[in-house]
Amino acid sequence: QVRLVESGGGLVQAGGSLRLSCAASGRTFSTYAMGWFRQAPGKEREFVGRWSSGGIYYADFVKGRFTISRDNAKNTVYLQMNSLKPEDTSVYCCAAADGPRTLVALTTTRGYDYWGQGTQVTVSS
């Protein structure tokens, strides 16, 4: 069992930055593929980016603005968000995949086994 806890959300003005953290339990954190997703009210959860053995990959709408990093010694993955826009307002969740997955699967919610509760990000105009 893996427990994921996100932090770092909040209210920020358009153009600002936030760094989200996702702390994971589990002794084999370094082997997990980690993903970030977001869900706005009334919308489906959407893929933001992922870090796996296959590399780092981002959704088109965040390329050049968001960066994923991870610190295996701290069992933590980060999402640095710059140049935030009001349309980035969402609940952001991290997810972990325990086991091999295709790179395509890791862009979908079904590619992950564990989810955090999420952290709210609100971007004002």
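Reference entry: report on the structure contained in this document. All residue numbers refer to positions counted from 1 along the written sequence of the respective chain. Reporting of local features is limited, given that this is a predicted model, to residues whose pLDDT is at least 70; pairs of side-chain atoms are given and counted only at 80 or more, and all residues count toward the totals for whole chains, interfaces and linings. Think of the side-chain values as coming from all heavy atoms in the structure, minus any hydrogens and water.

Some remarks on the overall build of the chain
Definition in use: Strands are runs of DSSP state E lasting at least 2 residues, helices are runs of H or I lasting at least 4, and numbering of each runs from the N terminus. We compute the radius of gyration from the C-alpha atoms alone; for a globule the expected value is 2.2 Å times N to the 0.38, where N is the number of residues. Only protein chains enter the calculation, and the probe is 1.4 Å; a residue is then buried if its accessible area is under 20% of its type maximum, exposed if over 50%, and partly exposed in between. Each accessible area is a Shrake-Rupley estimate made with a 1.4 Å probe; only the visible protein chains count as cover when residues are assessed. This count recognises Lys and Arg as positive and Asp and Glu as negative, with His and chain-terminal groups excluded. Where a charge lies is defined by one atom per residue type: Lys uses NZ, Arg uses CZ, Asp uses CG and Glu uses CD.
Scanning the chain from N- to C-terminus turns up zero helices and eleven strands. Taken from N to C terminus, the helices and strands of the chain fall in the order β-β-β-β-β-β-β-β-β-β-β. Relative to the globule expectation of 14 Å for 125 residues, the C-alpha radius of gyration of the chain, 13 Å, shows essentially globular dimensions. Projected onto its principal axes, the C-alpha coordinates of the chain cover approximately 40 × 25 × 25 Å. Burial analysis of the chain (125 residues in total) assigns 43% to the buried set. Of the roughly 6,600 Å² of accessible surface on the chain, a fraction of 48% belongs to carbon and sulfur atoms. Taking the average place of the 14 positive charges on the side chains of the chain and the average place of its 9 negative ones, the gap between the two points comes to 3 Å.

A look at the nonpolar core
Proteins that are soluble and globular tend to have nonpolar side chains buried together. To be explicit about the condition: The set of buried Ala, Val, Leu, Ile, Met, Phe, Trp, Tyr and Cys residues whose side-chain atoms join them within 4.5 Å is what this entry labels a nonpolar core. It only takes one pair of heavy atoms within 4.5 Å for two residues to be counted as in contact.
Grouped together as the largest cluster of nonpolar side chains are 34 residues, with contacts concentrated most on Leu4, Met34, Trp36, Phe66, Leu79, Met81 and Tyr92. At the level of elements, β3 (18-24), β4 (33-39), β5 (46-52), β7 (66-71), β8 (76-81), β9 (90-97) and β11 (119-124) are the ones that each hand at least two residues to this core. Residues contacting Leu4, with those up to four places away along its chain left out, are Cys22, Ala23, Ala24, Met34, Cys94, Ala95, Ala96, Tyr114, Trp115, Gly116 and Gln117.

Overview of unusual backbone geometry
Residues other than glycine seldom take positive phi values, yet Asn75 does so here, at roughly 50 degrees. With respect to the secondary-structure elements, Asn75 resides in the loop between β7 and β8. For Asn75, a relative accessible area of 18% gives the class buried. Positive phi, normally seen in glycine, also occurs at Ser83, with a value near 50 degrees. Tracing the backbone shows Ser83 in the loop between β8 and β9. Taking relative accessible area as the criterion, Ser83 reaches 43% and is therefore assigned partly exposed.

Things to note about the state of the cysteines
Quick note on the threshold: Cysteine sulfur atoms are paired as a disulfide whenever they fall within 2.5 Å.
Per the counting criterion, the structure on display carries one disulfide. Each sulfur in the disulfide pair Cys22 and Cys94 lies 2.0 Å from the other. Disulfide Cys22-Cys94: torsion about the S-S bond near 60 degrees, hence right-handed. On the criterion of sequence distance, the pair formed by Cys22 in strand β3 and Cys94 in strand β9 is long-range, its members being 72 residues apart. Accessibility assignment for this pair places Cys22 and Cys94 in one class, buried. Cysteine Cys93 remains unbridged, with the sulfur of Cys94 as its closest cysteine sulfur at 7.5 Å.

Re the packing of aromatic side chains
What counts here: Aromatic contacts are taken between Phe, Tyr and Trp rings whose centres are within 6.5 Å, Trp giving its six-membered ring; a plane angle under 30 degrees counts as stacked, one over 60 as edge-to-face, and the others as tilted. By the criterion adopted, a ring carries a charge over it if an Arg CZ or a Lys NZ lies within 6 Å of its centre and within 35 degrees of its normal.
Here the structure, examined in full by the defined rule, presents six aromatic pairs. With a centroid separation of 6.0 Å and 65 degrees between ring planes, the pair formed by Tyr112 and Trp115 is classed as edge-to-face. Taking the relative accessible area as the measure of exposure, Tyr112 reaches 7% and is therefore buried. Trp115 gets classed as partly exposed once you look at its relative accessible area, which sits at 26%. Members of the aromatic cluster, connected to one another through ring pairs, are Phe37, Phe47, Tyr57, Tyr112 and Trp115. We note Arg19 situated over the ring of Tyr78; from NZ or CZ to the ring centre the distance is 4.2 Å. A cation over a ring is seen here: Arg45 above Trp115, with NZ or CZ 4.6 Å from the ring centre.

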